[in-house]
Amino acid sequence: MTFRIPLIAAALAALPLAAPAAAQEAGDIRVKVLATGVLPEGEITDVTRDAFGLPAGSQTNVSDSYVPTVAAEYFVSPNFSIETICCITPHEVQGRGALAGAELIDAIVLPATVTAKLHFPVGDGVKPYIGAGPAFFMIFGEDVGDDAAALGIDDVGLSSEFGFVLQAGIDIPVNDKGVGISLDAKRYFVGTDATFSAGGTDLIETEHSLDPWVLSAGVYLTF
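One structure accompanies this document, and this report is about it. Everything quoted here is computed from the prediction, not taken from an experiment.

Quick notes on the rules
- Residues numbered from 1 in each chain as written.
- Predicted model: local features only at pLDDT ≥ 70, side-chain atom pairs only at ≥ 80, totals over all residues.
- Heavy atoms only, no water.
- Helix = DSSP H or I, 4+ residues; strand = E, 2+ residues; numbered from the N terminus.
- Buried < 20%, exposed > 50% of the residue type's maximum accessible area, 1.4 Å probe, protein only.
- Contact = heavy atoms within 4.5 Å.
- Areas by Shrake-Rupley, 256 points an atom, 1.4 Å probe, with all protein chains shown as cover.
- Lys, Arg positive; Asp, Glu negative; His and termini not counted.
- Charge placed at Lys NZ, Arg CZ, Asp CG, Glu CD.
- Patch = residues over 30% accessible without salt bridge, like charges linked within 9 Å, V, L, I, M, F, W, Y side chains within 5 Å.
- Salt bridge = Lys/Arg side-chain N within 4 Å of Asp/Glu carboxyl O.
- Phe/Tyr/Trp six-rings, centres within 6.5 Å; stacked < 30°, edge-to-face > 60°.
- Lys NZ or Arg CZ within 6 Å of the ring centre and 35° of its normal.
- Core = buried A, V, L, I, M, F, W, Y, C linked by side-chain atoms within 4.5 Å.
- Pairing = 2+ DSSP bridges.
- Axes fitted to C-alpha atoms, helices over the stretch in contact; angles between N-to-C directions.
- Polar contact = N/O pair within 3.5 Å; in protein donor to acceptor, adjacent residues only side chain to side chain.

**Topic: the overall build of the protein chain**
Okay, so step 1: Helix and strand counts for the protein chain come out as two helices and 14 strands.
Okay, so step 2: For the protein chain, the residues scored as buried account for 43% of the 223 residues in total.
Okay, so step 3: Sequence separation of at least 24 residues holds for 71% of the intrachain contacts in the protein chain that already meet a minimum separation of 6.
Okay, so step 4: On the protein chain, roughly 10500 Å² of surface is accessible, and the fraction owed to carbon and sulfur atoms is 64%.
Okay, so step 5: Taking the 10 positively charged and 28 negatively charged side chains of the protein chain as two groups, their mean positions are separated by 13 Å.

Structure follows, in structure tokens:
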């Protein structure tokens, strides 16, 4: 899998820093506006029903998505915070192997996420951090892909599932007014079940790993 970090990351990292930075305090709220790349896997890990006759070597992946996101963070103490994010990401389940090039499912994902974060001040207000927490991938708006429809599939579904996320990043102030830039990486561990139906009968049921990398860069404001 090729990991692509948005070009905005490099541009933001080149911004000049200003000192001194405002000291972080308990009760502060930080809002981030980010450009985000969502880079999932999507491979089939198990086939639990196959009344259709999938060809040997059938496999899938899920397309990448690039979207704006918003994160809100509350500082319980100067170096411990709770963060949540808001975004929706469109994706397409595509065929690989014996299904290479097939358009199978279009769907939208809302990755509800809460992380607890530890921050490590290294001077001038710069704070690398690590975090972890639960996630719930709400998947909706599933549509049958053109190639699946051509084979007679008239309904598809992807299950919404709970998962877990690890996080690391850095916040870099650019002035003493609470403004800065943020670079963030998350790795989710979550899967989904796919169901392909025709005429009300479930023909294919498969389990998939999603496990996306979510890479973000943007600006923040601390209140």
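After that view of the structure, there is still more to cover.
**Remarks on the environment of Leu183**
Okay, so step 1: Tracing the backbone through its elements, the reader meets Leu183 in strand β11 (residues 179-189).
Okay, so step 2: Taking the C-alpha atoms as reference, Leu183 lies 8.6 Å from Ala168; in sequence the two are 15 residues apart.

**Quick notes on a nonpolar patch on the surface**
Okay, so step 1: Together, Ile29, Tyr74, Val76, Ile82, Val114, Leu221 and Phe223 give the surface a local cluster of nonpolar side chains, amounting to about 600 Å² of exposed area.
Okay, so step 2: Along the polypeptide, Phe223 turns up in the segment after β14 (213-222).

**With respect to the packing of aromatic side chains**
The description of two aromatic rings rests on the distance between their centres and on the angle between their planes.
Okay, so step 1: On inspection of all chains with the given rule, the structure shows two aromatic pairs.
Okay, so step 2: The residue whose ring lies beneath Arg30 is Tyr220, and the NZ or CZ to ring-centre distance is 4.0 Å.
Okay, so step 3: For Lys117, the ring lying beneath its charged end belongs to Tyr129, and the centroid distance is 3.8 Å.

**Examining the nonpolar core**
Okay, so step 1: Of all hydrophobic cores here, the largest spans 29 residues; its most connected members are Leu104, Ile105, Phe137, Leu158, Tyr188 and Phe196.
Okay, so step 2: Of all elements in the fold, only β1 (29-39), β7 (103-119), β8 (127-144), β9 (155-158), β12 (191-198) and β13 (201-209) reach the threshold of two or more residues within this core.
Okay, so step 3: If we skip the residues at most four places from it in the chain, Leu104 touches Thr60, Val93, Gln94, Gly95, Leu99, Asp143, Val144, Gly145, Ala148, Val156 and Phe196.

**Some remarks on the sheet that holds strand β2 (residues 44-50)**
Okay, so step 1: Within the open sheet, the four strands sit side by side as β2-β13-β12-β9. Their pairing is antiparallel. This sheet does not close on itself; its edge strands, each paired only once, are β2 and β9. Neighbour-to-neighbour, the strand axes of the sheet open up by a mean angle of 15°, direction not taken into account.
Okay, so step 2: Bridge count between β2 and β13: five bridges; the pairing is antiparallel. Pairing of Arg49 across the sheet is with Glu205, part of β13.

**Digging into a negative patch on the surface**
Okay, so step 1: A grouping of Glu103, Asp106, Asp143, Asp146 and Asp147 is seen on the molecular surface, where their side chains present a negatively charged patch.
Okay, so step 2: Of all elements in the fold, only β7 and α2 (146-150) reach the threshold of two or more residues within the negative patch.
Okay, so step 3: Secondary-structure assignment places Asp146 in helix α2.
Okay, so step 4: Judged by its relative accessible area of 57%, Asp146 falls in the exposed class.

**Thoughts on the pattern of salt bridges**
Okay, so step 1: Inspection of every chain in the model, using the stated rule, returns nine salt bridges.
Okay, so step 2: Two residues, Arg30 and Asp171, come together in a salt bridge whose shortest N-O distance is 3.0 Å. Residue Arg30 is found in strand β1, and its partner Asp171 is found in strand β10 (residues 161-173); the two are separated by 141 residues along the sequence. Like Arg30, the residue Asp171 is buried in the burial classification.
Okay, so step 3: Two residues, Lys32 and Asp171, come together in a salt bridge whose shortest N-O distance is 3.0 Å. Remark: Asp171 occurs in strand β10 and Lys32 occurs in strand β1; sequence separation between them is 139 residues. Residues Lys32 and Asp171 agree in their burial class; the two are buried.
Okay, so step 4: The network of salt bridges with shared partners includes Arg30, Lys32, Glu73, Glu83, Lys117 and Asp171.

**A closer look at the side chain of Thr60**
Okay, so step 1: When you line up the elements, Thr60 lands in strand β3 (residues 58-62).
Okay, so step 2: There is a polar contact of 3.2 Å between the side chain of Thr60 and the side chain of His208.
Okay, so step 3: Discounting chain neighbours no more than four positions away, the residues touching Thr60 are Gly42, Glu43, Ile44, Val93, Gln94, Gly95, Arg96, Leu104 and His208.

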